[in-house]
Structure formats: C-alpha cells, structure tokens
Amino acid sequence: LNGIFFLLFLTVFHNRSFNDPGIYFVFLILNLARASSFILLRKQVIYFKKGFRPRFYRMLKRSGLFLLLVTLFYLPIHSLFDCKPFILLYTVTAVFLVSKLGFNYIYYRLVKRRVQYSTRVRKVLLLGENEVMDAIRHVIKYNPQMSYWYEGSYTTVGVRDCEMAYAQLEQKVINDGVQVMFIAVDKIDDEYAGCWKLAELLQHCNRWGVRLFFVPAVAPDEKEDYKVDRLGNILIFNPQRIPLDIAENQIKKRLFDVAFSGAFIIFVLSWLFPLMALIIKLTSRGPVLFIQPRTGINNRTFQCYKFRSMKVNGEAHKKQATANDPRITAIGRFMRKTNIDELPQFFNVLLGDMSVVGPRPHMLAHTELFTREVENYLVRHYVKPGITGWAQVNGFRGETRELWQIEKRVQYDHEYIRNWSFDWDFVIVWKTLFSIKAFRNAA
C-alpha cells in the first residue's frame, strides 16, 4: 500500500511538495483504514476455505470495507484541501485493491499448479476417523500452499486380522508413494487406535520412510508438550519430532545453504568449473558432469551432479566405486581423493535438492538394497541429503563392502537427524576440510 502511494506520488503527483499537509493526511488515512479493516474483519478461518472463490469473496469484503473507511476518514477534512490529495487518495486505493486481488489470484493458481506437478509435494494418507481428522482432510485438500497432496483415507472398520491390515497398508504406501500419515486417536497417550498399536505402527512407518502424526480428538496442550505441532490452525502430535521439523530451524539451515553455496559458486566454481571441464575433456571421452538419480528428502528422486571421475560405463548407476577401480580415470582418482568431484553438488544445494550438511544421498539401487538390509534405513530421508555429513567426517564414506559399514553410517546419520543444531553444521564443515578421517576410504 505504502509502496504504491510513494510510487504514484513521485510519478504522477511529483509537482506536489512534501510540505503539503494534504499529502500527509492521505498517507495517514490509507494506513489507518487498512489497519482498521483488518481489525474489523480478521482472517480467522482461512484454512477451511474451499478453493479460491470463498477467499476471493472474503478479500472483496475486506476491500469494500477498506474503501468505505477511506471515504469516512476523508470526509471530515475534505474541505480543508484542494482536489489533488483527494485524487491521489482514490487513485492509490483503486490501484492497491486491483493489484491485491490480481496478485492473490495469480499466486493461488501458481501454488495449485505446483501441487499438481511438483515432486516436492508430500502425499498424505489419513488413518481412522474423528472430527479433528475431518478438519485435517479439509485443510490439506483446500490449501495447496501447505505442499500436501491428499492421497486418500484408510480405515480398519470391519477388519479383524490386524496383520492383514498392516500388509494392506504397506502395499498402499508403496503403490501410492505415501510420505506422510495422520492417524486419529482419542488422546496422545493412547496405546491403541482401533486395530493399530501405535508404537508398532511408528516402527513400521520408520521402516517405510513415512512420517507419522497423531490427530487426537481432544486437542493437546501446546504449552506443556514440546512435541505438539500445527497443521494450519489445528494442533497435532508429532511422536518423533526432530529439530528440523521446526520452521525456524528449517529457515536458518536454508539461509546458510543458500549463502554458503552461492558464495562458493561465485568465488570458487566460477573459475574451477571451466578449468576442471577442460582437464576432464582432455583426459577422457565423455561429458564433464556425471548426473545420477539419487534418493533425497521424503524418498524423492533428484538428479545429483558430480564431475565425471570415471570412464563412461554401463555400471555407473549400479556398482560402487572400489579401491583401484579400473573405471576411474587418472584425474578422476585425484578428484575423488580431494573431494573435488563432489563440488558441482553446490548447484543441487542452491536448487534446494540438497543441503551443505546432511546424510549422503545414495544411488537408487543402493537405496532399494539397504532398505531391505538395514533397520530404519529410510529415516535418513526425513531431512535433505548433504554434500558432507556426520558419518563422512567420522570416516564412514566410500565403498561399503560389509553390512556393518552401512549400518554404522546410518547410525551416524540418525544421530545427526535427532540432535541437529546450527553450530553442529559448522563443526562438520570444518572437519570436512581439515579432519584426516573425512578423507579416509575415498576411492
């Protein structure tokens, strides 16, 4: 509102002096009317609106109220000034209202389109029924800005064989690509919810890589329990809350990722990338970059970038690099020993697929293999994968010949996820650069 006021004042009414008291009254009237319209008509039930039309009507009502208040506030003083402040006042009001309604419509359509086509949207399955669960369904279906996609509901009404229920649920999770589940419970400390034993269901969800939230019929006290989250304006219980579930921590980590990767790309990759591209091209045939599908947050697949360190071969997406691997080129061996081959992943960080610090992403074939062999392996995908991680600076990187090696790596990844802190990321980055362990086992 104030931006439009100053823009119009400087471009259309530039012949008016800032010493003219009428201009200051216009400025005060606009702000007082805007604040008053929000006080008189608040956004109390925005998350329960069905689509854009009810939102549009609510914005139209507030816009009408704003226009009425502008008129009421201006009437007592209109005779004190000439017509130019009056023209400025209503020009700003008209431009502001049209811009606001148009922007909201375009924004809603873009977000809705993103939900339909984006791979970043999480698919949601609802288990059981209660009044709060009905509200959850409503919020998810009609609020695309929350990046959830309602995949359906599943109930065990009439199901007597609970083992069969678990088998059917697992099949549904796999077939529909479910990443989040909400289950209806009476209270947050219940042991059972219908056929489901909650502790057992949580274990299954960790094995499937699915986040589980409890939807109690009686709202939990958010002041007493640190595991209480919000979905819109509904309180839910997060039995496995991790630090990066908190929006403030997500913002801090993302800001660090953008700043760090942006600076690295500008000051290092800007000259190193063309140099490495020339060397790679001169020493072996094939592309400069090796682009491989890998598993990211919420089990989503993304394209991971690396400098190509191997000869072009048909096993690159299936077979790990090993010590003295004949596929590795001469310059590739140097790049892998010094971690230079990983540096293009800063573009992945900037794009939002990865973080500077997090569990290392694995190729799709290994994700499938390790999911079967390592308990709760998919829990490591509750956060974004990283260029470096807690497991890597403790020496668990490179080839995993034996099962205990990948189990140890996953153990370190889980420790990082459970206990993440902003300071810890700095420690891991420091150790990546200067710790001998971080360079151990590099093939």
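About the thresholds
- Residues numbered from 1 in each chain as written.
- Predicted model: local features only at pLDDT ≥ 70, side-chain atom pairs only at ≥ 80, totals over all residues.
- Heavy atoms only, no water.
- Phe/Tyr/Trp six-rings, centres within 6.5 Å; stacked < 30°, edge-to-face > 60°.
- Helix = DSSP H or I, 4+ residues; strand = E, 2+ residues; numbered from the N terminus.
- Buried < 20%, exposed > 50% of the residue type's maximum accessible area, 1.4 Å probe, protein only.
- Lys NZ or Arg CZ within 6 Å of the ring centre and 35° of its normal.
- Contact = heavy atoms within 4.5 Å.
- Pairing = 2+ DSSP bridges.
- Arc of directions from axis to C-beta.
- Core = buried A, V, L, I, M, F, W, Y, C linked by side-chain atoms within 4.5 Å.
- Axes fitted to C-alpha atoms, helices over the stretch in contact; angles between N-to-C directions.
- Left-handed = near helix turned anticlockwise from the far one by under 90°.
- Nonpolar A, V, L, I, M, F, W, Y, C, P; charged D, E, K, R; others polar.
- Patch = residues over 30% accessible without salt bridge, like charges linked within 9 Å, V, L, I, M, F, W, Y side chains within 5 Å.
- Areas by Shrake-Rupley, 256 points an atom, 1.4 Å probe, with all protein chains shown as cover.
- Salt bridge = Lys/Arg side-chain N within 4 Å of Asp/Glu carboxyl O.
- Parallel < 35°, antiparallel > 145°, perpendicular 65-115°, else oblique.

Caption draft 1: Spatial organisation of the packing of aromatic side chains. Under the counting rule described, the total for this entry stands at 29 aromatic pairs. Arranged with centres 6.1 Å apart and planes meeting at 45 degrees, the rings of Y154 and W196 form a pair that is tilted. With Y154 in strand β2 (residues 148–154) and W196 in strand β5 (residues 196–197), the pair connects residues that are 42 residues apart, well separated along the chain. Relative accessible area serves as the criterion here: at 13%, Y154 is assigned to the buried category. On the basis of relative accessible area, W196 is assigned to the buried category, the value being 3%. Lying across the ring of F66, R34 places its NZ or CZ 5.8 Å from the centre. The aromatic ring of F38 is capped on one face by R62, whose charged end is 4.5 Å from the ring centroid.

Caption draft 2: Structural context of the side chain of Q292. Summarising the element assignment, Q292 is placed in strand β9 (residues 289–295). Among residues more than four places away in sequence, those in contact with Q292 are F302, Q303, C304, A316, H317 and M363.

Caption draft 3: Layout of the pairing of strand β7 (residues 228–231). Bridge count between β7 and strand β8 (residues 234–237): 4 bridges; the pairing is antiparallel. Directly across from D229, in β8, lies its bridge partner I236. Count of turn residues in the β7/β8 antiparallel hairpin: 2 residues, of which G232 carries a positive phi of about 65 degrees.

Caption draft 4: Highlighting helix α9 (residues 330–338). Taken as a whole, α9 has its buried residues at I331, G332, M335 and R336. Down the axis of α9, the buried side of the element spans an arc of 135 degrees, and every buried residue falls inside it. Elements in contact with the buried residues of α9: α8 (247–283) and β10 (301–307). The first or second residue beyond α9 is N339, which carries a positive phi of 70 degrees.

Caption draft 5: View of the nonpolar core. Of all hydrophobic cores here, the largest spans 38 residues; its most connected members are F346 and Y416. If you list the elements that add at least two residues to this core, you get α8, β10, α9, α10 (345–351), β11 (355–357), α12 (390–393), α13 (403–419) and α14 (422–434). At 8 residues, the largest contribution of residues to this core is made by α8. Among the nonpolar cores identified, the runner-up in size contains 23 residues, and V173, V185, W196 and L198 belong to it.

Caption draft 6: Molecular detail of unusual backbone geometry. Phi at N298 takes a positive value of approximately 60 degrees, unusual for a residue other than glycine. When you line up the elements, N298 lands in the loop between β9 and β10. Residue N376 is not a glycine yet carries a positive backbone phi of 55 degrees. Along the polypeptide, N376 turns up in the loop between α11 (364–373) and β12 (386–388).

Caption draft 7: How the structure looks around the side chain of S147. Residue placement: S147 occurs in the loop between α5 (131–142) and β2. For S147, a relative accessible area of 17% corresponds to the buried category. With sequence-adjacent residues up to four places away left out, S147 is seen in contact with R114, V121 and R122.

Caption draft 8: View of the packing of helix α2 (residues 21–40) against helix α4 (residues 83–117). In the contact formed by α2 and α4, the axes pass within 9 Å of each other and the chain directions differ by 35 degrees. For α2 against α4, the interelement crossing comes out right-handed. From α2, G22, I23, V26, I29, L30 and R34 reach across to α4, where they touch P85, L88, L89, V92, T93, F96 and K100. By residue class, the composition of the contact of α2 with α4 is 9 nonpolar, 2 polar and 2 charged.

Caption draft 9: Structural context of a nonpolar patch on the surface. Together, L68, L72 and L75 make up a nonpolar patch on the protein surface, roughly 280 Å² of accessible area in all. Along the polypeptide, L72 turns up in helix α3 (residues 52–74).

Caption draft 10: Inspection of the pattern of salt bridges at higher detail. Applying the stated rule across the entire model yields 14 salt bridges. A salt bridge links E170 to R207; the nearest nitrogen and oxygen atoms lie 3.4 Å apart. Residue E170 is located in helix α6 (residues 162–176), and its partner R207 is located in helix α7 (residues 198–208); the two are separated by 37 residues in the primary sequence. Since its relative accessible area comes to 34%, R207 is described here as partly exposed. Across the pair D229 and R241 runs a salt bridge, and its minimum N-O distance is 2.8 Å. Note that D229 is positioned in strand β7 and R241 in the loop between β8 and α8, a separation of 12 residues in sequence. For D229, a relative accessible area of 13% translates into the label buried.

Caption draft 11: The packing of α6 against α7, seen in detail. Where α6 contacts α7, the axes come no closer than 11 Å and their chain directions differ by 30 degrees. Judged on the interaxial angle alone, α7 and α6 are roughly parallel. The hand of the α6/α7 crossing is right-handed. Across from Y166, L169, E170 and V173 in α6, the residues of α7 making contact are E200, L201, H204, R207 and W208. Split into classes, the residues belonging to the contact of α6 with α7 amount to 5 nonpolar, 1 polar and 3 charged.

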